[in-house]
Amino acid sequence: MPKAESLPNITADDVAAQAGVSRWTVNRAFKKDASISPKTREKVMTAAQSLGYVPDLSAAALASTRSNLVALLIDDFANPHKLVMLEKLTRALRSRGWDTLLVNTLDSDDAAPALLNASQRRVDATILIGIQFDDEVLNAAHDARRFKKLIIFARTSKNPNTISIAVDDEAATREIAQYVIRKGYQRPLYMAGPRTVSAHLLRKETFAREWKDRFDREPECIAADRYDPDLAASIAHDALKDRTAAELPDIIVCENDALALGVIDTIRHRLGLRVPQDIAVLGFDDVPQAAGHNYRLTTYRQPLTEMSNYLVDVLESQDDAVHDRKFLGRLVPRDSA
């Protein structure tokens, strides 16, 4: 069998010769912020495309202080909102010339090794989307000076060694509480998710405070240790199965949509009740399933596109004193509450 011909090794010099420019002009044309006229850049890109030239990004990174690569550590894939966040964030990154190294942190014991693994790559920043990063892990990473920027995305962090980009949980939950009060519900049950120290959601505490301020009593609360619809369904069933109609909550406010979807399934299919006529349900995040015919979930939509674009602004900022930022979303009323 005859050997297949190998493709020629096209270099920047070949592109430069075809475009009639210097090799250094070719290199600048492939750098996002380089000073080069649009006409010259177009000439270089046309020559590169015709020759099939692809720049060696690893070599370019070695010659630069920036790799344009970020490590993205994510967990809890049972929560459908994680996939939405991942899509929005990677879209914003790619549109502005950033690539991602995706690391799935499998469980709480895997968080520290995953962070160490990411730190051994030549990345400009590490982005954490998850619940398994405690202060001990974050502080160890900072003390080792392994990351230029350590960003917590979609959770509020008080750790001084991180940058936190998140929705304003307190403002959002106040809006949710006021909606519940306006609609006339009297017996709310709040379903919370996992509690963490370094990256904490303030939704349960805020709802409880708003309810107590209004009615001088604490709302009932239950919790799941994962944002998993099946787990939420089981916990809600166990909490409600032996109650009389008068003892049931008239609304279940959930810390996120993953919990809310499981709660709705249990109300309808295991308890034989109606949503919202017997028990209303309210969520947080506005995952794609929330708008579907099966759920029609009233929920709070996070502004993920705006949050993602700001994260890229942070990556590209030359200011070392970049501050945390909180964003406002909006309540999306549907049929469930």
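Residues numbered from 1 in each chain as written. Predicted model: local features only at pLDDT ≥ 70, side-chain atom pairs only at ≥ 80, totals over all residues. Heavy atoms only, no water.

1. Description of helix H11 (residues 257-269)
The periodicity of an α-helix, 3.6 residues per turn, causes residues three or four places apart in sequence to face the same way.
And then number 1: A rise of 1.5 Å per residue sets the reference length of H11, with its 13 residues, at 18 Å; its end C-alpha atoms lie 18 Å apart and thus fit the reference within 8%.
And then number 2: In terms of residue burial, H11 counts as a mostly covered element, since 10 of its 13 residues are buried.
And then number 3: Buried residues of H11: Asp 257, Ala 258, Leu 259, Ala 260, Leu 261, Gly 262, Val 263, Ile 264, Thr 266 and Ile 267, and no others.
And then number 4: Looking at the buried residues of H11, the elements they touch are helix H5 (80-95), strand S7 (188-192), helix H10 (229-240), strand S10 (251-254), strand S11 (280-282) and strand S12 (299-301). (Helix = DSSP H or I, 4+ residues; strand = E, 2+ residues; numbered from the N terminus. Expected span 1.5 Å × (residues − 1). Buried < 20%, exposed > 50% of the residue type's maximum accessible area, 1.4 Å probe, protein only. Contact = heavy atoms within 4.5 Å.)

2. Structural notes on helix H8 (residues 169-182)
And then number 1: Helix length check: H8, at 14 residues, gives a terminal C-alpha distance of 20 Å against a target of 20 Å (1.5 Å per residue), a fit within 8%.
And then number 2: Inspection of H8 places Asp 169, Ala 171, Ala 172, Thr 173, Ile 176, Ala 177, Tyr 179, Val 180 and Ile 181 among the buried residues, and these make up the whole buried set.
And then number 3: Backbone geometry just downstream of H8 places Gly 184 in the positive-phi region, at approximately 90°.

3. Points about the sheet that holds strand S3 (residues 125-129)
And then number 1: The sheet built from 6 strands is open, its strands ordered S2-S1-S3-S4-S6-S13 with parallel pairing. Edge strands, defined here as strands with exactly one partner in the open sheet, are strand S2 (99-104) and strand S13 (325-327). Neighbour-to-neighbour, the strand axes of the sheet open up by a mean angle of 20°, direction not taken into account.
And then number 2: Note that strand S1 (residues 69-74) and S3 share 5 bridges and pair parallel. In the sheet register, Val 70 faces S3, and the bridge partner there is Ala 125. (Pairing = 2+ DSSP bridges. Axes fitted to C-alpha atoms, helices over the stretch in contact; angles between N-to-C directions.)

4. Digging into the packing of aromatic side chains
And then number 1: Per the stated rule, a full pass over the model turns up 5 aromatic pairs.
And then number 2: For the ring pair Phe 207 and Trp 211, a centre distance of 6.0 Å and an interplane angle of 15° mean the geometry is stacked. Taken as a pair, Phe 207 and Trp 211 lie in helix H9 (residues 203-215) at a separation of 4 residues, close to a single helical turn.
And then number 3: We classify Phe 207 as buried; its relative accessible area is 0%.
And then number 4: With a centroid separation of 5.9 Å and an interplanar angle of 65°, the aromatic rings of Tyr 310 and Phe 327 are classed as edge-to-face. (Phe/Tyr/Trp six-rings, centres within 6.5 Å; stacked < 30°, edge-to-face > 60°.)

5. Description of the packing of H10 against H11
Helix-helix packing is described using two parameters, namely the angle between the two axes and the distance between the axes.
And then number 1: Viewed as axis vectors pointing N to C, H10 and H11 meet at an angle of 50°, and their least axial separation amounts to 7 Å. As judged from the angle between their axes, H10 and H11 are oblique. H10 and H11 meet at a crossing whose hand is right-handed. For the pair formed by H10 and H11, the contact residues are Pro 229, Ala 232, Ala 233, Ser 234, Ala 236 and His 237 on the first element and Ala 258, Leu 259, Gly 262, Val 263 and Thr 266 on the second. (Parallel < 35°, antiparallel > 145°, perpendicular 65-115°, else oblique. Left-handed = near helix turned anticlockwise from the far one by under 90°.)

6. What to know about the pattern of salt bridges
And then number 1: Per the counting criterion, the structure on display carries 16 salt bridges.
And then number 2: The salt bridge partner of Arg 96 is Asp 313, with a shortest N-O separation of 2.6 Å. Pair noted here: Arg 96 is in the loop between H5 and S2 and Asp 313 is in helix H12 (residues 304-316), with a separation of 217 residues, a long-range link.
And then number 3: A residue is classified by how much of its surface remains accessible, and Asp 313, at 39% relative accessible area, is partly exposed.
And then number 4: The closest approach of N and O atoms between Arg 334 and Asp 286, which form a salt bridge, is 3.0 Å. With Arg 334 in the segment after strand S14 (330-332) and Asp 286 in the loop between S11 and S12, the pair connects residues that are 48 residues apart, well separated along the chain. Asp 286 matches Arg 334 in its accessibility class, with the two residues each being buried.
And then number 5: A network of salt bridges, in which partner residues are shared, links Arg 96, Asp 313 and Glu 316. (Salt bridge = Lys/Arg side-chain N within 4 Å of Asp/Glu carboxyl O.)

Read these as geometric descriptors, not functional statements.
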